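Working through the structure, step by step
This is what each chain is made of:
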Amino acid sequence: MARGGFPGMGGGNMNNLIKQAQKFQKQMEDMQKDLEDKEFTATVGGGAVSATVNGKKVITDIKIKPEVVDPDDVEMLQDLILTACNEALNKAEEETSGEMKKLTGGMNLPGMF
């Protein structure tokens, strides 16, 4: 085994590897912070219901146009709310995945997000 602990690697290569890992970790932290500050909104039913989630995938706002509220058809309103929330969450997930792929160059790192 060569000096430095890994065959074919000198001590300098190990230091570079550690520096690269630290840089990657900092980039990940910055990306997570940026994504957490973003908001993602989805609107359904021709603008009848909109839902907003943040990058932490927490619902932060729901807007419902008054003319959509029909006491005789509560199920439709419930469906619109569910659909808007799910679409907003999907937008947040897509953006998170896309940013992660940019940062990792497409490497699969399970459990990162």
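Everything below is about the structure shown above.
Residues numbered from 1 in each chain as written. Predicted model: local features only at pLDDT ≥ 70, side-chain atom pairs only at ≥ 80, totals over all residues. Heavy atoms only, no water.

**Some thoughts on the sheet that holds strand β3 (residues 59-64)**
- Pairing in this open sheet of 3 strands is antiparallel, and the strands run β1-β2-β3 from one edge to the other. The open sheet has two free edges, formed respectively by β1 (39-44) and β3, since each of these has just one partner strand. Direction aside, neighbouring strands of the sheet carry axes that sit 15 degrees apart on average.
- Relative to strand β2 (residues 49-54), β1 runs antiparallel, the two being bridged by 6 bridges. Opposite threonine 43, over in β2, you have serine 50 as the bridge partner. (Pairing = 2+ DSSP bridges. Helix = DSSP H or I, 4+ residues; strand = E, 2+ residues; numbered from the N terminus. Axes fitted to C-alpha atoms, helices over the stretch in contact; angles between N-to-C directions.)

**What about the nonpolar core?**
- Grouped together as the largest cluster of nonpolar side chains are 9 residues: Val44, Ala48, Val49, Ala51, Val68, Leu77, Leu80, Ala84 and Cys85.
- Among the elements of the structure, β2 and α2 (74-104) are those that each provide at least two residues to this core.
- Ranked by the residues each element gives to this core, the list is headed by α2, at 4 residues.
- By size, the runner-up hydrophobic cluster in this structure holds 5 residues, among which are Phe40, Ala42, Val53 and Ala92. (Core = buried A, V, L, I, M, F, W, Y, C linked by side-chain atoms within 4.5 Å. Buried < 20%, exposed > 50% of the residue type's maximum accessible area, 1.4 Å probe, protein only.)

**Considerations on a nonpolar patch on the surface**
- A contiguous nonpolar patch, built from Ile59, Ile62, Ile64 and Val69 and spanning about 310 Å² of accessible area, is present on the exposed surface.
- Among the secondary structure elements, isoleucine 64 is positioned in strand β3. (Patch = residues over 30% accessible without salt bridge, like charges linked within 9 Å, V, L, I, M, F, W, Y side chains within 5 Å. Areas by Shrake-Rupley, 256 points an atom, 1.4 Å probe, with all protein chains shown as cover. Salt bridge = Lys/Arg side-chain N within 4 Å of Asp/Glu carboxyl O.)

**Quick notes on the side chain of threonine 52**
- As for its position among the elements, threonine 52 is in strand β2.
- Among the polar contacts listed, one links the side chain of threonine 52 to the side chain of threonine 41, at a separation of 2.9 Å.
- Contacts of threonine 52, omitting those with residues within four sequence positions, involve Glu39, Phe40, Thr41, Val58, Ile59, Thr60 and Asp61. (Polar contact = N/O pair within 3.5 Å; in protein donor to acceptor, adjacent residues only side chain to side chain. Contact = heavy atoms within 4.5 Å.)

**Digging into the environment of valine 44**
- Along the chain, the position of valine 44 falls in strand β1.
- A residue is classified by how much of its surface remains accessible, and valine 44, at 8% relative accessible area, is buried.
- Here the alpha-carbon distance between valine 44 and isoleucine 81, two residues 37 residues apart in the chain, equals 8.3 Å.

**Some words on the pattern of salt bridges**
- Taken as a whole and judged by the stated rule, the model has 6 salt bridges.
- Close ionic contact of lysine 38 with glutamate 95 constitutes a salt bridge, the shortest N to O distance being 2.4 Å. A residue pair is termed long-range when its members are at least 10 positions apart, and lysine 38 in the loop between α1 (11-37) and β1 and glutamate 95 in helix α2 qualify at 57 residues.
- Taking relative accessible area as the criterion, glutamate 95 reaches 25% and is therefore assigned partly exposed.
- Between lysine 63 and aspartate 61 there is a salt bridge whose closest N-O contact spans 2.7 Å.
- Since its relative accessible area comes to 27%, aspartate 61 is described here as partly exposed.

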